[in-house]
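So you can see what is in the structure, the chains are spelled out below.
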Amino acid sequence: MVNVRERLAHVQQQVIDRNPGESEFHQAVAEVLGCLGPVLERYPQYSEYKIIERICEPERQVIFRVPWEDDRGEIQINRGFRVQYNSALGPYKGGLRFHPSVYLGIVKFLGFEQVFKNALTGMPIGGGKGGADFDPKGKSDAEVMRFCQSFMTELYRYLGEYIDVPAGDIGVGGREIGFLFGQYKRLSGKYESGVLTGKNPAWGGALVRRESTGYGAVFFVDEMLRARDQSLEGKTCVVSGAGNVAIYTIEKTHQLGGKVVACSDSGGVVYDPEGIDLELVKRLKEVERRRIKDYVDYRRTAVFREEGNIWDIPCQVAIPAATQNELDAADARRLVAHGCLAVGEGANMPTTPAGIRVFEEAGVAFGPGKATNAGGVATSALEMQQNACRDSWTFQYTETRLREIMTGVHQRCWDTAAEFGHPGNYVVGANIAGFVRVAEAMLAFGLV
Ligand code: GLU
């Protein structure tokens with residue numbers, strides 16, 4: 001019998017060969033497979049039934065043309081994607097990303113992550129992801145609407161509350177979900193609330209869904225700190241990004257007594273030693289859709305650094321909440337040198353593998369995205385519950401549920417890491433706990 005390590009290396013090589021050029025996907029797979037050695041040793045049936053090989057291959061991948069007309073009357077063509085990755089635990093569930101960098105490799109990496117993240121929440125949801133190489137930046141509302149309508153005109157036939165339930169991700173927020181839902185309703189002829197999540201609470205959305213990824217990330221970081229007899233109270237924090245995840249990460253950090261001194265967007269970094277003025281960031285980003293550099297026009301205490309590196313700023317807690325591979329080994333070393341105690345990934349895979357190693361070696365508490373940012377999709381599952389029973393819960397009740405779910409995710413990672421001989425290693429804990437839940441369901445279903 002081939003030994004476990006060779007088997008995993010072989011699967012990894014197969015993934016590289018069969019998915020050429022998709023480096024982010026290779027990276028996400030390597031992170032999970034790198035943790036599975038002891039699992040295969042304990043459960044030989046996973047090898048016998050080729051669970052890992054099957055998990056690495058998405059169940060279905062759809063790529064489609066999205067034609068639309070811009071405000072000048074010119075025709076634009078984008079490429080749309082939906083990767084229905086794994087439905088062992090429930091309908092495919094995961095967001096849509098609209099960003100010029102989107103290609104199949106990004107959607108597959110996100111879908112793969114989503115499978116284990118969703119499993120880790122303990123909720124009945126499979127994993128999927130989608131999006132388009134459309135750049136919403138600088139587009140009018142009318143252009144965004146026409147794009148969303150065309151995107152949904154192709155995608156709607158693959159969706160359904162028991163089939164596949166998209167939500168938002170980078171570039172897809174409340175406005176886009178509204179346009180997408182409107183077109184789905186029109187095409188399908190039914191008010192199928194549970195087909196999309198992240199809806200406006202005025203028409204079927206869950207309260208707290210907007211805040212949930214950021215709030216959940218802070219709850220997870222709070223749990224990591226508690227496990228070390230620490231708390232967020234009085235801690236200096238840095239949160240990269242200025243989108244949905246970053247904004248509500250900052251909000252909850254401030255509520256729990258931490259002080260966020262910096263945030264960023266693709267144009268640069270804002271450093272405000274007095275603490276980020278969140279109402280100002282919300283107005284600039286959520287209402288006026290402006291760049292973060294404009295922040296300094298309203299706050300004398302702040303400085304803006306174009307192309308600055310946010311990880312130069314000393315902090316005790318760092319929450320990368322912008323995008324993949326935004327924090328590398330050099331950044332990690334700088335954070336460690338400045339006394340950083342805890343890092344929680346608000347974004348998906350923001351830390352490079354070498355960066356993660358630096359944190360591990362330095363003994364920094366490191367929460368991987370599939371655990372730390374699971375609060376978003378978990379609250380999407382709460383939204384599906386409310387839609388299924390035609391109910392709407394209060395903010396307070398829903399937030400309490402979210403907190404309980406994040407405490408549960410932390411506990412599952414903690415216990416699993418200890419059980420497999422890596423106490424305190426949340427990467428190992430998250431990957432193994434998520435994987436085993438999916439693998440058990442797949443085994444039960446036979447060869448499908
Ligand atoms: N895009 C989010 C994520 O990365 C949320 C997905 C969802 O709510 O379905 O988990």
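Analysis parameters
- Residues numbered from 1 in each chain as written.
- Predicted model: local features only at pLDDT ≥ 70, side-chain atom pairs only at ≥ 80, totals over all residues.
- Heavy atoms only, no water.
- Helix = DSSP H or I, 4+ residues; strand = E, 2+ residues; numbered from the N terminus.
- Rg over C-alpha atoms; globule rule 2.2 N^0.38 Å.
- Buried < 20%, exposed > 50% of the residue type's maximum accessible area, 1.4 Å probe, protein only.
- Contact = heavy atoms within 4.5 Å.
- Areas by Shrake-Rupley, 256 points an atom, 1.4 Å probe, with all protein chains shown as cover.
- Lys, Arg positive; Asp, Glu negative; His and termini not counted.
- Charge placed at Lys NZ, Arg CZ, Asp CG, Glu CD.
- Axes fitted to C-alpha atoms, helices over the stretch in contact; angles between N-to-C directions.
- Parallel < 35°, antiparallel > 145°, perpendicular 65-115°, else oblique.
- Nonpolar A, V, L, I, M, F, W, Y, C, P; charged D, E, K, R; others polar.
- Near = heavy atom within 4 Å.
- Polar contact = N/O pair within 3.5 Å; in protein donor to acceptor, adjacent residues only side chain to side chain.
- Pairing = 2+ DSSP bridges.

Asker: For the overall build of the chain, give the residues involved together with the corresponding values.
Answerer: Summing up its helical and strand segments, the chain has 17 helices and twelve strands in all. The globule rule puts the C-alpha radius of gyration for 448 residues at 22 Å, and the 21 Å found for the chain is close to it. Across its three principal directions, the C-alpha atoms of the chain cover 65 × 55 × 45 Å. Burial status across the chain gives 58% buried among its 448 residues. Contacts spanning at least 24 positions in sequence make up 72% of the contacts within the chain whose residues lie at least 6 apart. Of the roughly 18,100 Å² of accessible surface on the chain, 50% is carried by carbon and sulfur atoms. Charge-centre separation for the chain: the mean point of 51 positive side chains lies 3 Å from the mean point of 56 negative side chains.

Asker: How would you explain unusual backbone geometry if you had to name every residue and give the values?
Answerer: For Arg-289, which is not a glycine, the phi torsion comes out positive at approximately 50°. Turning to its location among the elements, Arg-289 is positioned in the loop between α11 (278-287) and β9 (303-306). Phi is positive for Met-349, which is not a glycine, with a value near 55°. Mapped onto the fold, Met-349 is located in the loop between β11 (342-344) and α13 (353-362). Given the relative accessible area of 3%, Met-349 is considered buried.

Asker: Which residues make up the packing of helix α2 (residues 23-33) against helix α6 (residues 104-120), and what are the values?
Answerer: Where α2 meets α6, the closest approach of the two axes is 7 Å, and the angle between their N-to-C directions is 25°. Taken together, the axes of α2 and α6 lie roughly parallel to each other. Contacts from Glu-24, Phe-25, Ala-28, Val-29 and Val-32 of α2 reach α6 at Gly-105, Ile-106, Lys-108, Phe-109, Phe-112, Glu-113 and Phe-116. Across the contact of α2 with α6, the residue classes break down as eight nonpolar, one polar and three charged.

Asker: How would you summarise the site of the ligand if you had to cite specific residues and measurements?
Answerer: The local shell around the ligand holds 14 residues, among which Lys-93, Lys-117, Asp-169, Arg-209 and Ser-380 are the closest. Gly-168 places a main-chain nitrogen or oxygen 2.9 Å from a nitrogen atom of the ligand. The contact in question runs from an oxygen atom of the ligand to an N or O atom on the side chain of Asn-348, over 3.1 Å. Summarising the interface, the protein chains cover 95% of the accessible area of the ligand, which totals 290 Å² for the free molecule. Elements that contribute at least two residues to the shell around the ligand include exactly β3 (92-98), α6 and α15 (374-388). Partitioned by chemical class, the residues of the shell around the ligand number two nonpolar, seven polar and five charged.

Asker: Explain the sheet that holds β11 residue by residue, including any values.
Answerer: The strands that make up a sheet pair up through hydrogen bonds in the backbone, lying either parallel or antiparallel. Strand order across the open sheet formed by seven strands is β9-β8-β7-β6-β10-β11-β12, with mixed pairing between neighbours. Only two strands of the sheet have a single neighbouring strand rather than two, namely β9 and β12 (365-367). Averaged over all adjacent pairs, the angle separating strand axes in this sheet is 15°, with direction ignored. Here strand β6 (residues 236-240) runs beside strand β7 (residues 259-265); their pairing, made up of three bridges, is parallel. The residue bridging Thr-236 from the neighbouring strand is Lys-259, located in β7.

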